[in-house]
Every structure is written in C-alpha cells, then in structure tokens.
Amino acid sequence: MASEEQEEAFSRYRSPLVSRYASPDMAFNFSDKKKFGTWRRLWLYLAQAQKTLGLPITDEQIKEMEANLDNIDFKMAAEEEKRLRHDVMAHVHTFAHCCPKAAGIIHLGATSCYVGDNTDLIVLRDGLNLLLPKLARVISRLADFAEKYANLPTLGFTHYQPAQLTTVGKRCCLWIQDLCMDLHNFERVRDELRFRGVKGTTGTQASFLQLFEGDHDKVEELDRLVTAMAGFKRAYIVTGQTYSRKVDIEVLSVLSSLGASIHKICTDIRLLANLKELEEPFEKDQIGSSAMAYKRNPMRSERCCSLARHLMILVMDPLQTASVQWFERTLDDSANRRVCLAEAFLTADIILSTLQNISEGLVVYPKVIARRIQQELPFMSTENIIMAMVKAGGNRQDCHEKIRVLSQQAAVVVKQEGGDNDLIARIRADPYFSPIKGQLETLLEPTSFTGRASQQVARFLKEEVRPVLIPYQSKMGVKIELSL
C-alpha cells in the first residue's frame, strides 16, 4: 500500500470489531460484497421463478444475470446512490448497466425490502451457522476440562464467602450448562427463521397479482419458488413492507444471552486468577503491566467481559425498533439495524473465539487450592467431628460447646493475628476429643465433603453435553491462536 493510501486508511475511524478482533468469515458475512452479491442473486431467483411461471423472460436474460452476479462496480453504485439517494435503485441501475438485455426485468414487481429484508434474513441465518460450531467447540473444550478435574476438590463460594466444597470440574459444568442452553437457543432461532419472500410494497403481493393477471396460485408459487431458491423451508405468510422486527429481537436476545453466559464464566475465571487457583493462558513474552513486571493480568477474560457488556445491551435496539414500526413500516429502523445486527454478530464471534482460546489453555494450581481448603475445612468439619464424638459416646451439647469455644479461638488467630487456622491442632490437644483422635485424618479428607460432585460431572457430560456436540464433531479440531 502506498504511503498516501496508508495515511488515508489510518486517518479514518475503523471499527475495532472488524479491524482488531473479528474472524474473516464473520466480517465477510456483513460485508458489502456479501450484501450486494446477495441482492443480485435474489433478483436472479425472482426472474427465474417469474420465467418458470410464464412471464416473458428469456434464457438469454437469465444467463446474462448469472454471468454478472459478482461483477459489481462499487464505485458506480456509490455514485448512483449519491445521485438517486436510494441504495436499492442505485444497485438496480448498476446491475442493469452490466446486464443490458436483462435491464428491463430486474426487480420486476418487487419493493426494496424484497432484496433488503430477504438479504438480512440470509445474513442472520448464515451468521448463526458461523457461531454454532464455535460455541460447540467452546463447550467441547470446557467439557474436556471438566472431565479432567471432575474429582479435584475446591472451596465452593456462596455470596463470595467460603461455602461447602465442590470440585473444579463440577464448577466448570455450571459454565457448560449455561452454554448448552445458548447452543439450544441458537439452533431454535436459526431453525425458526423464515424468509420474507415475495410480498410487495405493503405485503399484499398486489404487484405480483397484477403481473400474473389475478392468478393467486401463481403468486403463491412464486413466493414458494424464491423461498426455496434462497435455502429456506418456509416464508412468513403475512408481512408488512418488512418482516416483523420482532424477529430481530429473537435473534439478538439469544446473542445477548450468550453475552451474559460468557461474562459470568470469565468473571469467575478473573476471580479465581486473583485467588491464584486458576489462570487463563499466559504467553512466554506476554506483558501483564507496563509498570508492574510481575503481573499476570487475565486480559483475555477481561476482553470477553468488556465485549459481552456491549453485546448484552444491543438487544435494546431491536426492542425499541419493533415498538415504533408504524403500521406497515417506517424507515427509522434502517440506520439502527445497519449497526446493531452486524455488531451483535461480530461481538459474539469475537468473545466465542477468545473464550475458546482461554478454555484451551486453562491452568489449574492444585496446591494453592488445597491450601485454601485447609484454611477453611476445619470449620466445615466441625459437624462431622460432633457426630463422631456422639457415636463414640459423647454428649452432643457438650461437644458443640467445646467446638464453639475452640472455633472462636482459632478465628481470632486467623482474623486478628493473620495466622493459619489451627482449630484441628486445638482439637488434637484437648483431652476431651481423645476418643476420635485416630479418626481426624479421615474426617478431614476433602473428597468426603464434595458430595456427588464427581458423579454429577460424569452423568452431565455423558447425557447432556456429549450428545449435543455430535452434529459439530467434524469442526471440533480447530484451535484458536489469538494474536491480540
């Protein structure tokens, strides 16, 4: 690139969603080339279907359109749009310029939303198809992690306060379960998407009824043929000028829900990184801080949280848009949808790729985890100790009072003196507990405090996770290396 071109390129705002983060496939899905190339294909489908149903359209015209589907003069289209102040008509003229024989039948009977809305639906469908295998890969990587650490006890937290033990794998399954719900919702929304089809200016198909001289069957067949050509099984039976903008709400709702799932997962990872129990991958030459050389900041998880917040709020745009679509449509949806639909998919694409990278390199520190357990387990084990004393012939109330006093003394050491939890040492030193001193090691074994966590992991992965990943098996092997 010449220096002048470089200067110009870096003198204008570029969305970091594309220039910095997004995958080439998702960036292309929302590109002008994809958009306007799809417009031309839709005009071709319309002409082919109209010819099939008897309108005077020739094979030569069809072949001319087919030969120029990707022969788009973007400069001419921009000049035409500046002159006409209408993007669809600008591209009708541009397509007609390279298809002079077909010029008279391009866009025949159609309204702008025939290409605009139908293309949006194709792009939404294709966007979901790009995200689904990425989401499945993340679930697969985390499932492997959960299986590996299914039996490793770790301190559980409620209210971010120490609670009963769980396992590292069981905690991961909580993340996976949310992502499986997202996967199901992605599939549902994709499968429920319909084509707008061939509906005309206000959705009544009046122009097409006139073209076919009042033949309702041919109008319905035209709608069916074009819908099938575009790869959809069904079209909406009723529309205004546009498909219902509640469809956009449905799509962005599941993307926003994914944002909530990933924000929670990456927040947990960030908290565990602070506890030094678990870390995201950290590269050999990676710098955590420009000032504090020792730092290992969880920057990938932070990026996910940052972008997930943006994704979660984008659903407000289609909610507002759908609520103010007067009668058959108003144009105040257009500019808004150009931004929010693309940004939602680009953002979801980025955070899924980043989370995959994180999940492929998670590092667990079992000794740190064990040390934290030992700091809290003595308090948690007191009920077991009381039960053991009762079985050995002790009085429950007397034992409870002994434990209460010793626990408070140990708490003073921990909280006021900054020392280690010495409750068990105090119990060993108290003659009252002589009958169970030989059982203390067993009573304090961490795995005895994790309940059925290991069994739950095994059953969950077998019954609810692995089966849903089968359709995506061929794409599971892709690994993600992030350059930024």
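As a reminder, the structure under discussion sits directly above these lines.
Residues numbered from 1 in each chain as written. Predicted model: local features only at pLDDT ≥ 70, side-chain atom pairs only at ≥ 80, totals over all residues. Heavy atoms only, no water.

1. Thoughts on the pairing of strand S1 (residues 153–158)
Note that S1 and strand S2 (residues 161–167) share 6 bridges and pair antiparallel. Bridging across to S2, threonine 158 finds its partner in glutamine 161. The turn joining S1 and S2, which pair antiparallel and follow one another in sequence, is formed by 2 residues; a positive phi near 60° is taken by histidine 159. (Pairing = 2+ DSSP bridges. Helix = DSSP H or I, 4+ residues; strand = E, 2+ residues; numbered from the N terminus.)

2. Topic: helix H18 (residues 396–415)
Because the α-helix completes a turn every 3.6 residues, residues three or four places apart line up on one side. The first and last C-alpha atoms of H18 sit 28 Å apart over 20 residues, in line with the 28 Å expected at 1.5 Å per residue. Within H18, burial applies to Cys399, Ile403, Leu406, Ser407, Ala410 and Val413. Here the buried residues of H18 occupy an arc of 115° about the axis, which is enough to place them on one side. Projecting away from the buried face of H18 at angles above 90 degrees are the exposed residues Gln397 and Lys415. Where H18 is buried, its residues meet helix H16 (366–380), helix H17 (382–391) and helix H19 (423–429). Of the residues flanking the start of H18, the one acting as N-cap is asparagine 395, its side-chain oxygen 2.9 Å from the backbone nitrogen of glutamine 397. (Expected span 1.5 Å × (residues − 1). Buried < 20%, exposed > 50% of the residue type's maximum accessible area, 1.4 Å probe, protein only. Arc of directions from axis to C-beta. Contact = heavy atoms within 4.5 Å. Polar contact = N/O pair within 3.5 Å; in protein donor to acceptor, adjacent residues only side chain to side chain.)

3. Concerning the nonpolar core
Judged by nonpolar contacts, the single largest core of 134 residues is most densely connected at Trp43, Tyr114, Ile176, Leu179 and Leu255. Ranked by the residues each element gives to this core, the list is headed by helix H8 (residues 112–148), at 16 residues. Sequence-distant contacts of leucine 255, defined by excluding residues within four places in its chain, comprise Leu131, Phe186, Leu311, Ala344, Phe345 and Ala348. (Core = buried A, V, L, I, M, F, W, Y, C linked by side-chain atoms within 4.5 Å.)

4. Examining the packing of aromatic side chains
To describe a pair of aromatic rings, one takes the distance between the centres and the angle between the planes. Counting across every chain of the model gives 9 aromatic pairs. Residues tryptophan 39 and tryptophan 43 carry aromatic rings whose centres are separated by 6.3 Å and whose planes lie at 70° to one another, so their mutual orientation is edge-to-face. Remark: tryptophan 43 and tryptophan 39 occur in helix H4 (residues 32–52); sequence separation between them is 4 residues, near one turn of the helix. Comparing tryptophan 39 with tryptophan 43, the two get one shared label, buried. Their ring planes at 45° and their centres at 5.3 Å tell us that phenylalanine 157 and tyrosine 160 sit as a pair that is tilted. Looking at phenylalanine 157, the relative accessible area reads 26%, which means it is partly exposed. Exposure remark for tyrosine 160: the relative accessible area of 40% places this residue in the partly exposed category. (Phe/Tyr/Trp six-rings, centres within 6.5 Å; stacked < 30°, edge-to-face > 60°.)

5. Overview of the pattern of salt bridges
Going through the model one piece at a time under the given rule, you end up with 29 salt bridges. Arginine 371 is the partner of aspartate 420 in a salt bridge, and the nearest nitrogen-oxygen pair spans 3.6 Å. In this pair, aspartate 420 is assigned in the loop between H18 and H19 and arginine 371 in helix H16, connecting sequence segments 49 residues apart. On the basis of relative accessible area, arginine 371 is assigned to the exposed category, the value being 53%. It is possible to trace a salt-bridge network through shared partners that takes in Asp117, Arg245, Arg329 and Asp333. (Salt bridge = Lys/Arg side-chain N within 4 Å of Asp/Glu carboxyl O.)

6. Observations regarding unusual backbone geometry
Unusually for a residue other than glycine, tyrosine 160 sits at a positive phi of about 55°. Its location among the elements puts tyrosine 160 in the loop between S1 and S2. Positioned with a positive phi, glutamate 213 is a non-glycine residue whose angle comes to about 55°. Here glutamate 213 lies in the loop between helix H10 (206–211) and helix H11 (216–229).

7. A few points about a nonpolar patch on the surface
On the surface, Val324, Trp326 and Phe327 cluster together into a nonpolar patch covering about 420 Å² of accessible area. When you line up the elements, valine 324 lands in the loop between helix H14 (316–323) and helix H15 (334–359). The exposure class of valine 324 is partly exposed, given its relative accessible area of 33%. (Patch = residues over 30% accessible without salt bridge, like charges linked within 9 Å, V, L, I, M, F, W, Y side chains within 5 Å. Areas by Shrake-Rupley, 256 points an atom, 1.4 Å probe, with all protein chains shown as cover.)

8. Quick word on the packing of helix H12 (residues 246–275) against H14
Their axes nearest at 8 Å, the elements H12 and H14 cross at an angle of 165°. The orientation of H12 relative to H14 falls into the category roughly antiparallel. Crossing handedness for the pair H12 and H14: left-handed. On H14, the residues touching Lys246, Asp248, Ile249 and Leu252 of H12 are Pro318, Leu319 and Ala322. Residues belonging to the contact of H12 with H14 are distributed by class as follows: 5 nonpolar, no polar and 2 charged. (Axes fitted to C-alpha atoms, helices over the stretch in contact; angles between N-to-C directions. Parallel < 35°, antiparallel > 145°, perpendicular 65-115°, else oblique. Left-handed = near helix turned anticlockwise from the far one by under 90°. Nonpolar A, V, L, I, M, F, W, Y, C, P; charged D, E, K, R; others polar.)

9. Structural notes on helix H21 (residues 453–469)
Here H21 spans 22 Å end to end across 17 residues, near enough to the 24 Å set by a 1.5 Å rise per residue. In H21, a bend of some 40° at leucine 461 exceeds every other bend along the element. Listing the buried residues of H21 in full gives Ala453, Ser454, Val457, Phe460, Leu461, Val465 and Leu469. Turning to H21, the residues buried within the fold contact H8, S2 and helix H9 (168–192). (Bend = angle between axes of the 7 residues up to and from the residue.)

Any link to function would need more than the numbers given here.
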